[in-house]
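# Descriptive analysis of the structure
The residues making up each chain are set out below.
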Amino acid sequence: MFFGTWIDAEGEYFDTAHFSDCLVKYPFQGGGCYLLLGTVEVDFHFPTVTIHKMAKMPFMPDPRYFMDKEKSLETARNLHEDISMTHRKPYPQEHEIGLPRQKLH
């Protein structure tokens, strides 16, 4: 199982869980924007999206530099992976909050 932390279109963070069978069909393909399909589950009052499918979206060249192909793709080349900008505390453990594990239907 693998986990991911993402930023949505509105700048909000959300977490994902990726199981091995799903990753065989839909592996991570480096940094960038992804289309994700999954089920939202809440454990210990914290939502996580269990991913069923995902696909890396193509990187669009910067249209401001349409005359200079190298410059239009500069952002894609400078994209760094695995950079976490989150400063939030880790989710609490079950024994810390004393709540039962529940799956919403």
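The following paragraphs examine the structure supplied in this document. As the structure is a prediction and not an experimental result, all values here were calculated from the model.

Here the focus is the overall build of the chain. Along the backbone of the chain there are four helices and four strands. Along the chain, helices and strands appear, N-terminal first, in the series β-β-α-β-β-α-α-α. At a minimum sequence separation of 6, the contacts of the chain that also span at least 24 residues come to 44%. Here the chain has roughly 8800 Å² of accessible surface; of this, 59% comes from carbon and sulfur atoms.

Take the sheet that holds strand β2 (residues 13-18) next. As summarised here, the arrangement of the four strands in space is β1-β2-β4-β3, forming an open sheet in which the pairing is mixed. Where the open sheet ends on each side, the last strands, each with one partner, are β1 (2-7) and β3 (34-43). Taken pair by pair, the neighbouring strands of this sheet meet at an average axis angle of 40°, ignoring direction. Pairing of β1 with β2 involves six bridges; the strand directions are antiparallel. Each bridged residue has a counterpart across the sheet, and for W6 the counterpart in β2 is F14.

Turning to the pairing of strand β4 (residues 46-56), a few remarks are in order. As paired elements, β2 and β4 share two bridges and run parallel to each other. Bridge assignment links T16 to a residue of β4, and that residue is V49. Of the strand pairs in this sheet, β3 and β4 are connected by 10 bridges, and their pairing is antiparallel. Along β4, the bridge assignment pairs T39 with T50. Between the end of β3 and the start of β4, which pair antiparallel, lie two residues, with F44 showing a positive phi angle near 55°.

Calculation rules
- Residues numbered from 1 in each chain as written.
- Predicted model: local features only at pLDDT ≥ 70, side-chain atom pairs only at ≥ 80, totals over all residues.
- Heavy atoms only, no water.
- Helix = DSSP H or I, 4+ residues; strand = E, 2+ residues; numbered from the N terminus.
- Contact = heavy atoms within 4.5 Å.
- Areas by Shrake-Rupley, 256 points an atom, 1.4 Å probe, with all protein chains shown as cover.
- Pairing = 2+ DSSP bridges.
- Axes fitted to C-alpha atoms, helices over the stretch in contact; angles between N-to-C directions.

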